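Descriptive structure summary
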Amino acid sequence: MKVQEKIEMLAIAALVPYARNSRTHSSEQIDEIKGSIEAFGMVGSIVVRNGVIAKGHGTTQAIQRLYAEGKRLYPAPGKGQGARPYPVGMVPVLDVSGWTEAQFRAYVIADNKIGTNSGWDDEILAGELN
């Protein structure tokens, strides 16, 4: 079993979207993700199994847009805070190739669904937005 303990850099062109990913991303949402990456840097990594994306389909599309615009990808805390850019065309990935097919498929669904199960504390949210 392959065990991965660190983030590695992989060419974005080598990433393959999971064909059965049921989560969708509008063009507007991809732009929102892109804006977040530009503002805060790349927080986290794309999760892949044998090069196939398990987590980060929208993020991958946003990064592809950044690169298509001739921009660079920066780790957190981002370009504005002096971070050095990642090599052109590269993205941070966490390789989970040790997972079985069933684990991979279950994770894709769980990762996409768990966040939608949460709610908001409206009072705290209002305070944060003010």
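Our subject is the structure that appears above.
The sections below set out a description of the structure shown in this document. (Residues numbered from 1 in each chain as written. Predicted model: local features only at pLDDT ≥ 70, side-chain atom pairs only at ≥ 80, totals over all residues. Heavy atoms only, no water.)

What about the pattern of salt bridges?
Tallying each qualifying case throughout the model produces seven salt bridges. Here K34 and E38 are joined by a salt bridge, their closest N and O atoms 3.8 Å apart. Taken as a pair, K34 and E38 lie in helix α1 (residues 27–40) at a separation of four residues, close to a single helical turn. For E38, a relative accessible area of 35% gives the class partly exposed. Taking the shortest distance from any N to any O, the salt bridge between D111 and K55 comes out at 3.8 Å. Remark: K55 occurs in strand β3 (residues 52–55) and D111 occurs in helix α3 (residues 101–114); sequence separation between them is 56 residues. Here D111 falls in the partly exposed class, since its relative accessible area comes to 27%. Owing to a relative accessible area of 33%, K55 belongs among the partly exposed residues under this scheme. (Salt bridge = Lys/Arg side-chain N within 4 Å of Asp/Glu carboxyl O. Helix = DSSP H or I, 4+ residues; strand = E, 2+ residues; numbered from the N terminus. Buried < 20%, exposed > 50% of the residue type's maximum accessible area, 1.4 Å probe, protein only.)

A word on the packing of aromatic side chains
Going through the model one piece at a time under the given rule, you end up with two aromatic pairs. Arranged with centres 4.9 Å apart and planes meeting at 90 degrees, the rings of Y18 and F104 form a pair that is edge-to-face. Residue Y18 is found in the loop between β1 (8–11) and α1, and its partner F104 is found in helix α3; the two are separated by 86 residues along the sequence. In this structure F104 comes out as buried when scored by relative accessible area, which is 2%. (Phe/Tyr/Trp six-rings, centres within 6.5 Å; stacked < 30°, edge-to-face > 60°.)

Notes on the pairing of β3
In this structure, strand β2 (residues 46–49) lies alongside β3, joined through three bridges in antiparallel fashion. Bridge pairing in β3 links V48 to I53. (Pairing = 2+ DSSP bridges.)

With respect to the sheet that holds β2
If you trace the four strands from one edge of the open sheet to the other, you get β1-β4-β2-β3, paired in mixed fashion. Single-partner strands in this sheet number two, and they are β1 and β3. Taken over all neighbouring pairs, the strand axes of this sheet differ in orientation by 55 degrees on average, direction set aside. One ladder, built from three bridges, connects β2 with strand β4 (residues 90–95); its direction is parallel. (Axes fitted to C-alpha atoms, helices over the stretch in contact; angles between N-to-C directions.)

On their own, these measurements won't tell you what the molecule is for.
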